[in-house]
Amino acid sequence: MSSKTIYQEVILDHNRKPRNYGSLDQPSHHAIGHNPLCGDRIDLGLDMTNNQINQIAFHGESCAICKASASMMTTAVKGKSPEEAEVLIQEFRNMVMGTLNLSDHHHLGRLAVFEGVRDLPTRVKCAILPWHTLHAALHSVSSISTEANEEVSQTSAISV
Ligand code: ZN
């Protein structure tokens, strides 16, 4: 299978059967992320004990790319420390922004299927939104928008 086919298969699979979909009763960390350009809205909660993400769940209205990204993200960070999660956030962001060389050492594993998103400028924010939301939750920021919290480098890269 080509990487493009794998990408489509993974997106379809996670969109059809999102992992960790739902909400936690009493999350220790929680944030809502919004991407006005597409209409994606992600509600993310997680339960941190002993410096480990023990439970994580998301729900909301989002397009297939955003939902698949959220689904794979929750799977990837479950059991990880916040520091390990931040590494993944950074690497995922750099990958879809096109500044990560995947042949260099990284921790993304199957998340690398999202590499192709870098060639779809309008979908970059859809893929990144769950990761921004996780970053916000880990820093006790209750809500974020892709249109308000962007760094200059990101905005310019997306508006190409
Ligand atoms: Zn979207």
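Below you will find a few notes about this structure. Everything quoted here is computed from the prediction, not taken from an experiment.

The rules behind the values
- Residues numbered from 1 in each chain as written.
- Predicted model: local features only at pLDDT ≥ 70, side-chain atom pairs only at ≥ 80, totals over all residues.
- Heavy atoms only, no water.
- Buried < 20%, exposed > 50% of the residue type's maximum accessible area, 1.4 Å probe, protein only.
- Helix = DSSP H or I, 4+ residues; strand = E, 2+ residues; numbered from the N terminus.
- Pairing = 2+ DSSP bridges.
- Core = buried A, V, L, I, M, F, W, Y, C linked by side-chain atoms within 4.5 Å.
- Contact = heavy atoms within 4.5 Å.
- Donors = N, O, S within 2.8 Å, 3.2 Å for Na, K, Ca; no water.

## Things to note about the pairing of strand 2 (residues 40–49)
Working step 1: Where burial is concerned, most of strand 2 is hidden: 7 out of the 10 residues are buried.
Working step 2: Two elements, strand 1 (residues 29–35) and strand 2, share 7 bridges in a ladder whose sense is antiparallel. By the bridge assignment, A31 is partnered in strand 2 with L44.
Working step 3: What sits between strand 1 and strand 2 in their antiparallel hairpin is a turn of 4 residues, with G39 showing a positive phi close to 95°.
Working step 4: Across 9 bridges, the pairing between strand 2 and strand 3 (residues 52–61) is antiparallel. Each residue of the ladder has a partner; that of D43, found in strand 3, is H59.
Working step 5: Once strand 2 ends, the chain turns through 2 residues before running back antiparallel as strand 3, passing N50 with a positive phi of about 50°.

## Quick notes on the nonpolar core
Working step 1: One finds F92, V96, F114 and L134 to be the most contacted residues of the largest nonpolar core, which totals 44 residues.
Working step 2: When residues of this core are traced back to their parent elements, those giving at least two are helix 1 (3–16), strand 2, strand 3, helix 2 (64–77), helix 3 (82–97) and helix 4 (124–138).
Working step 3: Ranked by residue count, the leading element in this core is helix 4, at 10 residues.
Working step 4: Not counting residues within four places of it along the chain, the set of residues in contact with V96 comprises F114, V117, R118, V124, A127 and I128.

## Considering the environment of L44
Working step 1: With respect to the helices and strands, L44 occurs in strand 2.
Working step 2: Taking the C-alpha atoms as reference, L44 lies 11 Å from S71; in sequence the two are 27 residues apart.
Working step 3: In this structure L44 touches H29, H30, A31, I56, A57, F58, M73, T74, P130, T133 and L134, once residues within four positions along its chain are discounted.

## Some points on the coordination of the zinc ion
Where a metal carries four tetrahedral donors, each ideal angle is 109.5 degrees; where it carries six octahedral donors, the ideal angles are 90 or 180 degrees.
Working step 1: Distances from the zinc ion to its protein donors, C38 (SG), D40 (OD), D40 (OD), C63 (SG) and C126 (SG), fall within 2.1 to 2.6 Å.
Working step 2: Taken in chain order, the donor set of the zinc ion reads C-x1-D-x22-C-x62-C.
Working step 3: Since its relative accessible area comes to 36%, C38 is described here as partly exposed.

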